[in-house]
Amino acid sequence: MMKLRKAVFPAAGLGTRFLPATKAQPKEMLPLVDKPIIQYGVEEAINSGCDQIIIITGRGKQAIEDHFDVSYELEKMLEERRKTDLLKIVRSISDMMHVAYVRQKEALGLGHAVLMARELVGNEPFAVLLADDVIDHPVPALKQMVDVFNQKQCSVIAAQVIEGKMISSYGVFDAQPADGFNGRLFEIRNMVEKPKPEEAPSNLAIIGRYILTPTIFDCLSKTTTGAGGELQLTDGMRMLLKQEKMYAYVYEGRRYDTGDKLGFLKATVEFALKRDDLGGAFREYLKGLKLS
Ligand code: UTP
């Protein structure tokens, strides 16, 4: 039986939607309250049973590596000042697990970024998490997908129902309902990138969580570059679909697109409100705003 152990985080994109903040720092390091976006994703992968993390980085992404590394000076200073709570928080990040990095020299697309992980992943299934999509639920979205994967033993892609015209901002599934999993599972027939609303084959959008079999690497290496000279993951997955069954799974949870400014603000407010140490005071502050 195939078991999921590895999680790949493509983080070599340019983050143009968040300029100028992303001019000299990766968008994955922008904090939601006090934790960088990518750490939410890494914790989700760990809590879903993955024990190897592979991050695809590019130019200007050094801060991500530093974040998951040991910070001797900081730890020494916190130790000397007896800031044990902070020391625990800082240590827990580098203790979390081994993280490997692969460099994507040019931002040639998400499919190309995933292909960079080929050697480290090898011949086993793996997860791809787009850290921008932060999904909040007591059972991690990836864990829900792992349950499907363990039963079906083939690729599982996250889906969200998107009503109305907004569907044309997403990759969209053409899929038919499958048995089990409370009506959340669909067998994929096809996928199209950003269709016109009237041409969308369904209201099921592709979201940034994937469990893929290693066959995807062969498919990606045979895929020709598509829109904008980029190698698209969706094109590779369409080729995979010709060889293997694939499922779309409508996860339970609330998703925030934190690569988008408004999505980032929504996540910041809602995560702050949920915090034991901040929620009360922040709620009072928000109530006092004269919003018309
Ligand atoms: P996005 O479409 O969000 O692009 O990429 P982006 O460059 O990060 O951000 P914007 O749209 O310019 O603001 C989806 C995911 O794929 C990764 C990104 O880091 C992000 O996690 N990616 C994209 C790569 O790793 N390499 C690429 O060449 C392209």
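The structure under discussion appears in the preceding block.
To start, this report covers the structure provided alongside it. (Residues numbered from 1 in each chain as written. Predicted model: local features only at pLDDT ≥ 70, side-chain atom pairs only at ≥ 80, totals over all residues. Heavy atoms only, no water.)

## What to know about the side chain of Thr57
Secondary-structure assignment places Thr57 in strand 4 (residues 52–57). For Thr57, a relative accessible area of 2% corresponds to the buried category. Not counting chain neighbours up to four residues away, the residues in contact with Thr57 comprise Ala11, Ala12, Glu65, Tyr101, Val102, Arg103 and Gln104. (Helix = DSSP H or I, 4+ residues; strand = E, 2+ residues; numbered from the N terminus. Buried < 20%, exposed > 50% of the residue type's maximum accessible area, 1.4 Å probe, protein only. Contact = heavy atoms within 4.5 Å.)

## Some points on the nonpolar core
One broad trend across soluble globular proteins is that nonpolar side chains are buried collectively. The biggest cluster of nonpolar side chains holds 51 residues, and the ones touching the most others in it are Phe9, Ile38, Ile53 and Ile55. Per element, the largest residue contribution to this core is six residues, and it comes from helix 7 (residues 141–152). Residues Val102, Phe173, Leu231 and Leu240 belong to the second largest nonpolar core, which totals 35 residues. (Core = buried A, V, L, I, M, F, W, Y, C linked by side-chain atoms within 4.5 Å.)

## As for the pattern of salt bridges
Summed over the entire model, instances satisfying the criterion amount to 24 salt bridges. Ionic pairing is found between Arg5 and Glu124, a salt bridge with its closest N-O pair at 2.6 Å. One end of the pair, Arg5, is in the segment before strand 1 (6–10); the other, Glu124, is in the loop between helix 6 (118–121) and strand 6 (126–129), with 119 residues separating them in the sequence. The partly exposed category is assigned to Arg5, whose relative accessible area is 33%. On the accessibility criterion, Glu124 (16% relative accessible area) is buried. With a shortest N-O distance of 2.8 Å, Arg118 and Asp218 are connected by a salt bridge. Pair noted here: Arg118 is in helix 6 and Asp218 is in helix 8 (residues 215–222), with a separation of 100 residues, a long-range link. The partly exposed category is assigned to Arg118, whose relative accessible area is 34%. Under the relative-accessibility criterion, Asp218 is labelled partly exposed at 36%. (Salt bridge = Lys/Arg side-chain N within 4 Å of Asp/Glu carboxyl O.)

## Some thoughts on the layout of surface pockets
Considering only enclosed or pocket space, the largest pocket measures out at about 1,600 Å³ in volume. Mapped onto the lining of the largest pocket, the elements with two or more residues apiece are helix 5 (110–115), strand 11 (204–212), helix 9 (233–243), strand 13 (254–257) and helix 10 (261–274). Grouping the constituent residues of the lining of the largest pocket by class yields 21 nonpolar, 13 polar and 13 charged. Of the volumes computed, that of the second largest pocket is approximately 310 Å³. Looking at the lining of the second largest pocket, the elements that each hand over two or more residues are helix 1 (37–47), strand 7 (133–136) and helix 10. Considering each element in turn, the lining of the second largest pocket owes the most residues, five residues, to helix 1. Broken down by class, the residue content of the lining of the second largest pocket amounts to six nonpolar, three polar and seven charged. (1 Å grid on protein atoms, 1.4 Å probe; cavity = no way out; pocket = protein on both sides within 12 Å on 5 of 7 lines; lining within 4 Å. Points joined across faces, edges and corners; volume = space filled by probe spheres on them. Nonpolar A, V, L, I, M, F, W, Y, C, P; charged D, E, K, R; others polar.)

## Here's the deal with the packing of aromatic side chains
Evaluated as defined, the whole model comprises six aromatic pairs. Each ring, one from Tyr256 and one from Phe271, has its centre 5.4 Å from the other, and the planes form 80°; the classification is edge-to-face. Taken as a pair, Tyr256 in strand 13 and Phe271 in helix 10 lie far apart in primary sequence, 15 residues in all. The pair Tyr256 / Phe271 is uniform in exposure class, with both members buried. Note on Phe282 and Tyr285: the rings are 6.3 Å apart at their centroids and 15° apart in plane angle, and the pair reads as stacked. One end of the pair is Phe282 and the other is Tyr285, both in helix 11 (residues 279–287) and three residues apart, which spans about a single turn. (Phe/Tyr/Trp six-rings, centres within 6.5 Å; stacked < 30°, edge-to-face > 60°.)

## So, the site of the ligand
Close contacts around the ligand come from 18 residues, with Thr16, Arg17, Lys27, Gln104 and Gly109 the closest. Contact distances for the ligand include 2.9 Å between an oxygen atom and a backbone N or O atom of Ala12. In the environment of the ligand, a nitrogen atom lies 2.7 Å from a nitrogen or oxygen atom belonging to the side chain of Gln104. Considered on its own, the ligand offers 570 Å² of accessible surface; in the complex 81% of this is hidden by protein. The site holding the ligand turns out to be the largest pocket. (Near = heavy atom within 4 Å. Polar contact = N/O pair within 3.5 Å; in protein donor to acceptor, adjacent residues only side chain to side chain. Areas by Shrake-Rupley, 256 points an atom, 1.4 Å probe, with all protein chains shown as cover. Sits in = over half its atoms within 2 Å of the grid points.)

## Brief notes about a nonpolar patch on the surface
On the surface, a nonpolar cluster with roughly 340 Å² of combined accessible area is contributed by Tyr285, Leu289 and Leu291. Mapping Leu289 onto the fold places it in the segment after helix 11. Under the relative-accessibility criterion, Leu289 is labelled partly exposed at 34%. (Patch = residues over 30% accessible without salt bridge, like charges linked within 9 Å, V, L, I, M, F, W, Y side chains within 5 Å.)

## Topic: the pairing of strand 1
A large share of strand 1 lies buried, amounting to five of its five residues. For strand 1 and strand 4, the ladder comprises five bridges, and the chain directions are parallel. Bridging across to strand 4, Val8 finds its partner in Ile54. The pairing of strand 1 with strand 6 spans three bridges and is classified as parallel. Bridge pairing in strand 6 places Lys6 opposite Phe126. (Pairing = 2+ DSSP bridges.)

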